[in-house]
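The primary structure of each chain is shown beneath.
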Amino acid sequence: MTLLSVENLTVKLGGHTALANVSMSISKGEIVTIVGPNGSGKSTLLCAIVGAIKPTKGKVTKAPALRIGYVPQRLHIDATLPMTVARFMRLPYRGRALNITATLAMVGLHHLEDQQMTTLSGGQFQRVMLARAILHKPDLLILDEATQGLDQLGSATFYRLIETLRTKLGCAILMVSHELHVVMSASDRVICLNGHICCHGTPEVVASTPEYRALFGTGTQGALALYRHDHNHSHDHDTCDHTHHKGEDHV
Ligand code: ADP
Ligand code: MG
């Protein structure tokens, strides 16, 4: 079942064409990752999908009553504004929602409701953002570079959490990430964007296309295998000894 489709989307921002003729779709339960260099229109595409930017041409079609949870790339909270985690979670509070304490527990944050937003660590802040995005049980969770600013361990933990949430909530995930080696193998499909769609397909197919290699080089294959190896076993961070595994072993 298609949750959302984008057809021939063109977005011009201040005379600059940020996106040209982009078409894509996402189905129930899928993990789709968008990769691309800085300024390639990734955030613009997500903004158009959530309705925050009006397309110049083309259209975005959503399944009836589709619920979207969105974690934007940047959110600045005024350091002088007193705002507890619980209050932030309740804004804006529409319709039926999961219990706030239970949702915070789902992302591994316990007893944090009364803490000030401005005192959270980077990882805690991103988890609160994620908790807020899943509060209304979305069919589609959209994440824009959600692990920006987290260290490698923090990012790996965050992506694992996202996979757990997908299983628990049964939602599809559309995300933008720069951490190619991690997201590539955790994705069902990858879309490589550079103002237009350069290539798309399974992680293995995309990583081997000339377009992808021109943008990101060939370094991802080994890391892809490395992560996959780790992913298929119960070791969480024990990836260092498996560099001899090639992508072909696991495809
Ligand atoms: P990405 O998320 O891939 O880094 P963006 O979607 O944020 O890229 O931006 C795509 C392009 O559009 C960039 O060249 C950026 O400078 C430009 N852009 C983004 N927002 C605006 C705006 N409000 N006005 C004019 N240009 C913009
Ligand atoms: Mg962006």
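The structure we're discussing is the one just above.
A short tour of the structure in this document, coming up. (Residues numbered from 1 in each chain as written. Chains lettered and ligands numbered in written order. Predicted model: local features only at pLDDT ≥ 70, side-chain atom pairs only at ≥ 80, totals over all residues. Heavy atoms only, no water.)

**Quick look at helix α5 (residues 152-169)**
The condition is simple: The helix and strand labels rest on DSSP assignments: H or I over at least four residues marks a helix, E over at least two residues marks a strand, and numbering proceeds from the N terminus. Take the number of residues in a helix, subtract one, and multiply by 1.5 Å to get its expected span. Partly exposed describes any residue whose relative accessible area lies between the buried limit of under 20% and the exposed limit of over 50%, with all areas from a 1.4 Å probe on protein chains only and scaled to the type maximum.
For α5, built from 18 residues, the straight-helix expectation of 26 Å at 1.5 Å per residue is met to within 8% by its first-to-last C-alpha distance of 26 Å. Every buried residue of α5 is accounted for by S155, A156, F158, Y159, L161, I162, E163 and L165. Just downstream of α5 lies G170, where phi reads positive at about 65°.

**Overview of the coordination of the magnesium ion (ligand 2)**
Which entries qualify depends on this criterion: The rule for donors is simple: an N, O or S atom within 2.8 Å of the metal counts, and for Na, K and Ca the reach is 3.2 Å. Water is not among the atoms, so a site may look short of donors.
Protein-derived ligands of the magnesium ion (ligand 2) are S43 (OG) and Q73 (OE1), with the metal-ligand distances lying across 2.0 to 2.2 Å. Pair noted here: S43 is in helix α1 (residues 42-50) and Q73 is in the loop between β5 (68-71) and α2 (85-90), with a separation of 30 residues, a long-range link. Q73 sits in the buried class, given a relative accessible area of 18%.

**Points about the environment of Y70**
Filter applied, for reference: Contacts are assigned to residue pairs that have any heavy atoms within 4.5 Å of one another.
Of note, Y70 is situated in strand β5. Residues Y70 and L130, spaced 60 residues apart in sequence, show a C-alpha to C-alpha distance of 8.2 Å. Not counting chain neighbours up to four residues away, the residues in contact with Y70 comprise L46, C47, V50, A133 and I142.

**Thoughts on the sheet that holds strand β7 (residues 172-176)**
Test applied: Paired strands, as defined in this entry, are two strands with at least two bridges between them according to DSSP. Fitting a line to C-alpha atoms yields each axis, with helices limited to the stretch in contact; the angle taken between N-to-C directions then spans 0 to 180 degrees.
Judged by pairing direction, the sheet is mixed, and its six strands sit side by side in the order β5-β6-β7-β3-β8-β9 without closing on themselves. Sheet topology places β5 and β9 (197-201) at the edges, where each strand pairs with a single neighbour. Going from strand to strand, the sheet's axes swing by 15° on average, the running direction of each strand aside. Inspection of the sheet shows β5 paired to strand β6 (residues 140-144) by four bridges, in the parallel sense. Following the sheet pairing, G69 is matched in β6 by L141. On top of the sheet, α1 reaches β3 (31-35), β5, β6, β7 and β8 (189-193); it is set at about 150° to β6, its chief contact. Lying over the sheet, helix α4 (residues 122-134) contacts β5 and β6, oriented at roughly 165° with respect to β5.

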